[in-house]
Amino acid sequence: MDNKNSIGRKLFTEWAMDIAEDSKIRSTCLSRQVGAVIIKDKQIIATGYNGAPSGAIHCTDIGYCLRRKRGYPSGQGLELCRAGHAEANAIDQCARRGTSCLGATLYVTTQPCVFCCIHIIQAGIAKVIFKGEYPTGLGLELLKESSVVYLKYEDALEIEAKAIKEKHAAEMERVRKFLESPMDF
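Residues numbered from 1 in each chain as written. Predicted model: local features only at pLDDT ≥ 70, side-chain atom pairs only at ≥ 80, totals over all residues. Heavy atoms only, no water.

A. Layout of unusual backbone geometry. In this model, D41 sits at a positive phi of 55°, which is unusual for a non-glycine residue. Along the chain, D41 turns up in the loop between β1 (35-40) and β2 (43-49). Positioned with a positive phi, K42 is a non-glycine residue whose angle comes to about 65°. As for its placement among the helices and strands, K42 is situated in the loop between β1 and β2. Residue classification places K42 among the exposed residues on the basis of a relative accessible area of 55%. (Helix = DSSP H or I, 4+ residues; strand = E, 2+ residues; numbered from the N terminus. Buried < 20%, exposed > 50% of the residue type's maximum accessible area, 1.4 Å probe, protein only.)

This is how it looks when you write it as structure tokens:
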């Protein structure tokens, strides 16, 4: 997908999600690669991907996923998972560096689980834009209860494209007036 606004630039939402997508290739999870990026004031403050904690052995090194080996379906048996989730890892990077997430937007390549939603709320993240589905309803309910805006990626693109179109129309009217006005120098 390559969404361009009326002046030919990639939409910000698409650019940010592309970074989350690029981040997931660092994942050491054998079940699912997930990437995340936290952006505040149009600046990247952290990225994250799912994998074992710093210094711990990765599933890619072990050669198997314990949850899958024991037959747990997606979203279940998380207490057996060695990997921290991409969203939590990005939030943890902010905490490690003393960077506030308050008011930031999180872009993530899959719908956050309930545990990550709790981290998102507690970190003060204001908006979550995600791709895909994850088998948990409680996480999104908690975001809603806590007034955290959450949008599916496709919906966020549509909203942004509409806003850009309206802004560009107003800007072009300003440009027209500028071009019609005499130069006094």
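From this point, the discussion proceeds with the structure in view.
B. Layout of the sheet that holds β1. Ordered by their spatial adjacency, five strands build an open sheet running β2-β1-β3-β4-β5, and the pairing between neighbours is mixed. Unpaired on one side and paired on the other, β2 and β5 (149-152) mark the two borders of the sheet. For this sheet the average axis-to-axis angle between neighbouring strands, irrespective of direction, equals 15°. Summarising the sheet, β1 and β2 pair through six bridges and their orientation is antiparallel. Each residue of the ladder has a partner; that of I39, found in β2, is I44. (Pairing = 2+ DSSP bridges. Axes fitted to C-alpha atoms, helices over the stretch in contact; angles between N-to-C directions.)

C. Quick peek at the environment of D61. Here D61 shows up in helix α2 (residues 59-62). Judged by its relative accessible area of 56%, D61 is exposed. Separated by 18 residues in sequence, D61 and Q43 have C-alpha atoms that sit 34 Å apart.

Read these as spatial facts, not as claims about activity.
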